[in-house]
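# Results of the structural survey
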Amino acid sequence: VQLVESGGGLVQPGGSLRLSCAASGFTFSWYVMSWYRQAPGKERELVAAITSAGGSTNYADSVKGRFTISRDTKNTVSLQMNSLKPEDTAVYYCNAHDPYTRYDYWGQGTQVTVSS
């Protein structure tokens, strides 16, 4: 099983980034896919989630209206991040959750830094 994130980096406040997570080694379509983040000194928090069929999404209040999660049939889940703020600075992790076994897979994380 592999979850490989990409797309992180340094961006100015108000800018945009698109994170991608390439999944392999499991039946992608069965899993709820999510993005979490963890800032220094803080607990890991859920940013956005999308159901296995892609019909339902859920967002943290702090990112609603700015971030969009999506998934495709090529085993990729993406997070479009607009109007970025310094408080969005964190390591962002891709998560795959099996709703039946409740097992979780995690990626290695990608750093997002929002700073002028």
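Details of the structure are given in the entry above.
Everything in this summary refers to the structure shown in the same document. (Residues numbered from 1 in each chain as written. Predicted model: local features only at pLDDT ≥ 70, side-chain atom pairs only at ≥ 80, totals over all residues. Heavy atoms only, no water.)

Counting its secondary structure elements, the protein chain contains zero helices and eleven strands. Element order for the protein chain, N to C, with α for helix and β for strand: β-β-β-β-β-β-β-β-β-β-β. Relative to a compact globule of 116 residues, whose C-alpha radius of gyration would be 13 Å, the protein chain shows 13 Å and is just as compact. Taking the principal axes of its C-alpha atoms as reference, the protein chain extends roughly 40 × 25 × 25 Å. Across the 116 residues of the protein chain, 40% fall into the buried class. The long-range share in the protein chain, meaning contacts at least 24 apart out of those at least 6 apart in sequence, stands at 53%. Accessible surface computed for the protein chain: about 6,200 Å², of which carbon and sulfur atoms make up 48%. (Helix = DSSP H or I, 4+ residues; strand = E, 2+ residues; numbered from the N terminus. Rg over C-alpha atoms; globule rule 2.2 N^0.38 Å. Buried < 20%, exposed > 50% of the residue type's maximum accessible area, 1.4 Å probe, protein only. Contact = heavy atoms within 4.5 Å. Areas by Shrake-Rupley, 256 points an atom, 1.4 Å probe, with all protein chains shown as cover.)

This paragraph deals with the packing of aromatic side chains. Enumeration over the complete set of coordinates arrives at five aromatic pairs. An angle of 65 degrees between the planes, with centres 5.0 Å apart, marks the rings of Y36 and W106 as edge-to-face. With Y36 in strand β4 (residues 32–38) and W106 in strand β10 (residues 104–106), this residue pair connects regions lying 70 residues apart in the sequence. For the ring pair Y103 and Y105, a centre distance of 5.0 Å and an interplane angle of 70 degrees mean the geometry is edge-to-face. Its relative accessible area of 47% is what places Y103 among the partly exposed residues. Residue Y105 is classed as partly exposed on the basis of its relative accessible area, which comes to 22%. An aromatic cluster is built from F26, Y31, Y103 and Y105, whose rings are joined through pairwise contacts. Taking the ring centre of Y93 as reference, the NZ or CZ of R44 above it sits at 3.8 Å. Sitting over the face of the ring of F28, R71 holds its NZ or CZ atom 4.4 Å from the ring centroid. (Phe/Tyr/Trp six-rings, centres within 6.5 Å; stacked < 30°, edge-to-face > 60°. Lys NZ or Arg CZ within 6 Å of the ring centre and 35° of its normal.)

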